Amino acid sequence: MDIPVLDFSAFRLGEDDVPDQALQKLCAEIKAAFTEVGFVFLKNTGVSQEEVDAVMDMSLKFFLLPDDQKRPFSRNSFQNNPNHGWVCLESERLNPRRPGDLKEAFNTASFHPDVKWPSPEFQEVHASFYHKCTELSLRVLRVMALSLDLDPSVFCDAHRFIGTDENGSTLRSLFYPPQKSREAKEGQLRCGEHSDYGTITLLFQRSEGLQVRHRSGEFVTAPVVPGAVLVNIADLMQRWTCDEFVSVLHRVLLPPAGDESSRQSLAYFLQPDDDALITCCDGSNKYPPVKSGDYLTQRFVSSYGHK
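Presented here is a report on the structure given in the accompanying data block. (Residues numbered from 1 in each chain as written. Predicted model: local features only at pLDDT ≥ 70, side-chain atom pairs only at ≥ 80, totals over all residues. Heavy atoms only, no water.)

**A closer look at the overall build of the protein**
So, step 1. Within the protein, the secondary structure is distributed over six helices and 14 strands.
So, step 2. The C-alpha radius of gyration computed for the protein amounts to 19 Å, which stays within 12% of the reference 19 Å derived for 307 residues, consistent with globular compactness.
So, step 3. For the C-alpha atoms alone, the extent of the protein along its principal axes is close to 55 × 45 × 40 Å.
So, step 4. Residues classed as buried in the protein amount to 52% of the 307 residues present.
So, step 5. In the protein, once contacts between residues fewer than 6 apart in sequence are set aside, the share between residues at least 24 apart is 76%.
So, step 6. For the protein, the exposed area adds up to about 13,600 Å²; of that, 48% sits on carbon and sulfur atoms.
So, step 7. Side-chain charges in the protein split into 32 positive and 43 negative, and the spacing between the mean points of these groups amounts to 6 Å. (Helix = DSSP H or I, 4+ residues; strand = E, 2+ residues; numbered from the N terminus. Rg over C-alpha atoms; globule rule 2.2 N^0.38 Å. Buried < 20%, exposed > 50% of the residue type's maximum accessible area, 1.4 Å probe, protein only. Contact = heavy atoms within 4.5 Å. Areas by Shrake-Rupley, 256 points an atom, 1.4 Å probe, with all protein chains shown as cover. Lys, Arg positive; Asp, Glu negative; His and termini not counted. Charge placed at Lys NZ, Arg CZ, Asp CG, Glu CD.)

Shown next, in the form of structure tokens:
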């Protein structure tokens, strides 16, 4: 399985005058990728490698601190948004049948004054990247809608409250510390097999490790395409499009024997507004209507054992 690599320059950030021919070509390519593979690399999006590196570098300084210095920023510490904050090693199980994932994360999920940040600089860098990912995601949604001959705003209209506590969209800075396979529990991975919860996900990575499941059932390693963002369909979008766009299982394995390097990535999870009612866009009843916020809470319980 090859993940397509598409040129997004026609609709890159800051580019609003898109020639019809270029837009039609992009729509056809996006539709083919999301119906056949569920993943696509987009290059020339307007998000620079320097911006990605700045978030990763700032995050790494935090992840390398002792746990007791990170604990005040823990997820579930902030009443207005329990998903915001630090996730410690092994506390999350994206595949509930496996031991806890061998990764840490910092979730940027709220900008409420009551949430805590490791530093003002940390907040500034993460907030800026969050908003840039939001803007890019909404552009991708417009292309997706057009590719299905739908109103271009049909998906975007359910994402009006991104950046508030009425929407669950989250930027996750992920850190996979060095591991020795012999020290891992039986069946333990850096990130267990799972599909994403919401609309789409943007992934920025500097090294290999992610594996994507082919329709045959085989997992294949996703390459690193310098300067490109990897975009995948999530579960609510598959429901929304009545299985036209496919949400695919993926995972991060332990490194091979002898490789004790760490790994970092940034994942922006786009989620519809909490009160958005997701129904099949073709008018069918293949999937029952579900509220985005209720669905997200249900999935968090599966991964954490609580909200």
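Structure shown, so let's carry the discussion forward.
**Focus: the packing of aromatic side chains**
So, step 1. Counted according to the given criterion, the structure contains 15 aromatic pairs.
So, step 2. Residues Phe-63 and Phe-175 carry aromatic rings whose centres are separated by 5.4 Å and whose planes lie at 10° to one another, so their mutual orientation is stacked. Of this pair, Phe-63 sits in helix 2 (residues 49-63) while Phe-175 sits in strand 5 (residues 170-176); the two residues are 112 residues apart in sequence, bridging distant segments of the chain. Phe-175 matches Phe-63 in its accessibility class, with the two residues each being buried.
So, step 3. A ring pair is formed by Tyr-130 and Tyr-268, whose centres lie 5.5 Å apart and whose planes are at 85°; its orientation type is edge-to-face. Note that Tyr-130 is positioned in helix 4 (residues 120-147) and Tyr-268 in strand 12 (residues 263-270), a separation of 138 residues in sequence.
So, step 4. With relative accessibility at 0%, the residue Tyr-268 sits in the buried group.
So, step 5. By the ring-pair criterion, three or more aromatic residues cluster together here, those being Phe-62, Phe-63, Phe-73, Phe-106, Phe-111, Trp-117, Phe-122, Tyr-130, Phe-175 and Tyr-268. (Phe/Tyr/Trp six-rings, centres within 6.5 Å; stacked < 30°, edge-to-face > 60°.)

**Brief notes about empty space enclosed by the protein**
So, step 1. Counted according to the given criterion, the structure contains two cavities of 30 Å³ or more.
So, step 2. Put simply, the largest cavity is a space of about 420 Å³.
So, step 3. When residues of the lining of the largest cavity are traced back to their parent elements, those giving at least two are strand 5, strand 6 (191-194), strand 7 (200-205), strand 11 (250-252), strand 12 and helix 6 (292-304).
So, step 4. A class-by-class count of the residues in the lining of the largest cavity yields 14 nonpolar, 12 polar and six charged.
So, step 5. Quantified by volume, the second largest cavity comes out at close to 40 Å³.
So, step 6. Around the second largest cavity sit Val-87, Cys-88, Glu-90, Ser-91, Glu-92, Asp-101, Lys-103, Glu-104, Ala-105 and Arg-172, which together line it. (1 Å grid on protein atoms, 1.4 Å probe; cavity = no way out; pocket = protein on both sides within 12 Å on 5 of 7 lines; lining within 4 Å. Points joined across faces, edges and corners; volume = space filled by probe spheres on them. Nonpolar A, V, L, I, M, F, W, Y, C, P; charged D, E, K, R; others polar.)

**Things to note about the sheet that holds strand 4 (residues 104-108)**
So, step 1. Pairing is mixed in the open sheet, where eight strands are placed in the order 1-2-10-7-12-5-4-3. Since the sheet does not close on itself, it has two edges, and those belong to strand 1 (5-7) and strand 3 (85-87), each with one partner. Averaged over all neighbouring strand pairs, the angle between strand axes comes to 25°, with direction disregarded.
So, step 2. Here strand 5 pairs with strand 12 via seven bridges, running antiparallel. (Pairing = 2+ DSSP bridges. Axes fitted to C-alpha atoms, helices over the stretch in contact; angles between N-to-C directions.)

**Examining the layout of surface pockets**
To find leftover empty space, a probe the size of one water molecule is rolled over the atoms.
So, step 1. Here the largest pocket defines a volume of roughly 300 Å³.
So, step 2. If you go around the largest pocket, you meet 16 residues; those closest to its centre are Asn-81, Pro-82, Leu-296, Thr-297 and Phe-300.
So, step 3. By residue number, the principal contributor to the lining of the largest pocket is helix 6, which donates four residues.
So, step 4. Class assignment of the residues belonging to the lining of the largest pocket gives a composition of four nonpolar, eight polar and four charged.

**Section: the side chain of Thr-241**
So, step 1. Looking at the secondary structure, you find Thr-241 in the loop between helix 5 (235-240) and strand 11.
So, step 2. Overall, Thr-241 belongs to the buried group, its relative accessible area being 4%.
So, step 3. Here the side chain of Thr-241 touches Met-237 through a polar contact of 2.9 Å, landing on its backbone oxygen.
So, step 4. Looking at Thr-241, its side chain comes within polar contact range of the main-chain nitrogen of Phe-245, at 3.2 Å.
So, step 5. The residues contacting Thr-241, other than those within four sequence positions of it, are Leu-148, Phe-155 and Cys-281. (Polar contact = N/O pair within 3.5 Å; in protein donor to acceptor, adjacent residues only side chain to side chain.)

**Focus: the sheet that holds strand 6**
So, step 1. The four strands lie next to each other as 6-11-8-9, forming an open sheet whose pairing is antiparallel. Looking at which strands have only one partner, the edges of the open sheet turn out to be strand 6 and strand 9 (219-221). Between one strand axis and the next, the sheet turns by 25° as a mean value, whatever way the strands run.
So, step 2. Here three bridges tie strand 8 (residues 210-213) to strand 9, and the two strands are oriented antiparallel to one another.

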